[in-house]
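# Chains, contacts and geometry: an overview
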Amino acid sequence: MTVYGNFPGSRPRRLRTTPAMRRMVAETRLDPANLILPAFVREGITAPVAISAMPGVQQHTLDTLRKAAVDAVSAGVSGIMLFGVPADEKKDARGTAGTDPDGILQVGLRAVREEVGDDLVVMSDLCLDEYTDHGHCGVLTADGRVDNDATLERYAEMAQVQADAGAHVVGPSGMMDGQVGVIRDALDQTGHEDVSILAYTAKYSSAFYGPFREAVGSSLKGDRKTYQQDPANTRESLRELALDLEEGADMVMVKPAGPYLDILAKVADSVDVPVAAYQISGEYAMIEAAAEKGWIDRDAAIMESLTGIRRAGAQMILTYWATEVAQRLGRR
């Protein structure tokens, strides 16, 4: 082919020629410090229980939870988000196991803090759904609706017992109106001024939560569309964001991550607080399932999905691959 003059005058491919070149000019970098490991601790088991829809993820005993925390620290992961899985017979309409100082989540929080101290940011899921016999994130009215204000009273109790158990950060995920403000007041009034709130600011009613229901032994019948956000809406998430910040959120989060990168980018562009995103169970399961079939390169897909979330603006990513990916990054 004859090339005339200086055509083409610009050759962006020059900066893609080698792995070293691509690494040098990369605009987005993923670091172990960006990662937070979600972990499930289950009451009454003597060995970890595999979660069938999430290959490689398990419900932990206290001993294996301690090891998972140690491994996360060793890999350079920044945080761990704990979810409690109570015995079925301890579930009730008000989720009282969630506010029992000796409930499984509080026991798990104490175990992790005893094991790793302040070397890992210990976070707790602040919601009632794991502990209610109806599976909803709050207290129900007589006609079966979630009672927002009665639920806030329960969240205030949960915040106190989780902070007492050693949580550095509480993560209210129930999407009740006013939850951040009530929790902030409850923490401040009980001497926990230093405990941070990671607000689940934009939590959408998603089809991708399915495997998580198995992970926490959910009792839910129906859906959560009356309190989680509609996937069709954008402005609603920005309204929620403004309210959470006004009420005292220290950090904000978008959940799920992958299907909502546009929302994540808008949130990240709008705030001066740290922004998190949760790569949820369905996102994890899809990649693992496709890789098991040989349809995609598992490791490459994991890294690409996390880089995309980071590129969209997340400073912190909750992902079930946190420790594995942090170890891989550390070997580079």
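Described below are features of the structure shown in this document. Fair warning: this is a prediction, and the values are worked out from it, not measured in the lab.

## Considering the overall build of the protein chain
The helix and strand inventory of the protein chain stands at eleven helices and ten strands. A compact globule built from 332 residues would reach a C-alpha radius of gyration of about 20 Å, and the protein chain, at 21 Å, matches this within 12%. Projecting the C-alpha coordinates of the protein chain onto the three principal axes gives extents of approximately 80 × 45 × 40 Å. Across the 332 residues that make up the protein chain, the buried fraction comes to 52%. For the protein chain, contacts bridging at least 24 residues in sequence account for 74% of all contacts bridging at least 6. Where the 34 positive side-chain charges of the protein chain centre and where its 48 negative ones centre are 11 Å apart.

## A look at the pairing of strand E7 (residues 196-203)
Of all the eight residues making up E7, seven are buried; the element is thus mostly covered by neighbouring parts of the structure. Sheet analysis places strand E6 (residues 169-172) next to E7, joined by two bridges and oriented parallel. Among the inter-strand pairings, valine 170 is bridged to a residue of E7, identified as isoleucine 197. Note: E7 against strand E8 (residues 251-255), five bridges, orientation parallel. Of the residues in E8, the one forming a bridge with alanine 199 is valine 252.

## Here's the deal with the side chain of glutamine 279
Tracing the backbone through its elements, the reader meets glutamine 279 in the loop between strand E9 (275-278) and helix H9 (281-292). Within the local environment of glutamine 279, its side chain forms a polar contact with the side chain of serine 305, the two groups lying 2.9 Å apart.

## Section: the environment of leucine 306
With respect to the helices and strands, the residue leucine 306 is situated in helix H10 (residues 298-311). Residues leucine 306 and leucine 30, 276 residues apart in the sequence, show an inter-C-alpha distance of 7.8 Å. With residues near it in sequence (within four places) discarded, leucine 306 still touches Leu30, Gln279, Ile317, Thr319 and Val325.

## Describing the pairing of E8
Taking burial as the measure, the five residues of E8 include five buried ones, the bulk of the element. Neither face of E8 is left uncovered, since the one carrying Met251, Met253 and Lys255 and the one carrying Val252 and Val254 both have all their residues buried. The parallel pair E8 and E9 is bridged by helix H8 (residues 261-270), and the resulting crossover is right-handed.

## Overview of H9
In this model H9 runs 16 Å from its N-terminal to its C-terminal C-alpha over twelve residues, within 8% of the 16 Å that 1.5 Å per residue would give. With nine of its twelve residues buried, H9 lies for the most part within the structure. Taken as a whole, H9 has its buried residues at Ser281, Gly282, Glu283, Tyr284, Ala285, Ile287, Glu288, Ala290 and Ala291. In the segment just after H9, glycine 294 is the residue with positive phi, at about 80°.

## Describing a positive patch on the surface
Together, Arg11, Arg13, Arg14 and Arg16 make up a positively charged patch on the protein surface. Within the secondary structure layout, arginine 14 lies in the segment before helix H1 (19-25).

## Quick word on the state of the cysteines
For the structure on display, the rule yields zero disulfides. With no disulfide of its own, cysteine 127 has cysteine 137 as its nearest cysteine by sulfur position, at a separation of 3.4 Å. Accessibility expressed as a relative area gives 1% for cysteine 137, which makes it buried.

## Some points on the environment of glycine 178
Here glycine 178 lies in the loop between E6 and helix H5 (179-189). Classification of glycine 178 by relative accessible area gives partly exposed; the value is 27%. Distance from glycine 178 to glutamate 240, taken between C-alpha atoms, is 9.9 Å for residues 62 residues apart in sequence. In this view, glycine 178 contacts Leu152 and Glu247; residues no more than four positions away in its chain are not counted.

So, how was this worked out
Residues numbered from 1 in each chain as written. Predicted model: local features only at pLDDT ≥ 70, side-chain atom pairs only at ≥ 80, totals over all residues. Heavy atoms only, no water. Helix = DSSP H or I, 4+ residues; strand = E, 2+ residues; numbered from the N terminus. Rg over C-alpha atoms; globule rule 2.2 N^0.38 Å. Buried < 20%, exposed > 50% of the residue type's maximum accessible area, 1.4 Å probe, protein only. Contact = heavy atoms within 4.5 Å. Lys, Arg positive; Asp, Glu negative; His and termini not counted. Charge placed at Lys NZ, Arg CZ, Asp CG, Glu CD. Pairing = 2+ DSSP bridges. Polar contact = N/O pair within 3.5 Å; in protein donor to acceptor, adjacent residues only side chain to side chain. Right-handed = clockwise from strand over helix to strand, strands pointing away. Expected span 1.5 Å × (residues − 1). Patch = residues over 30% accessible without salt bridge, like charges linked within 9 Å, V, L, I, M, F, W, Y side chains within 5 Å. Areas by Shrake-Rupley, 256 points an atom, 1.4 Å probe, with all protein chains shown as cover. Salt bridge = Lys/Arg side-chain N within 4 Å of Asp/Glu carboxyl O. Disulfide = S-S within 2.5 Å.

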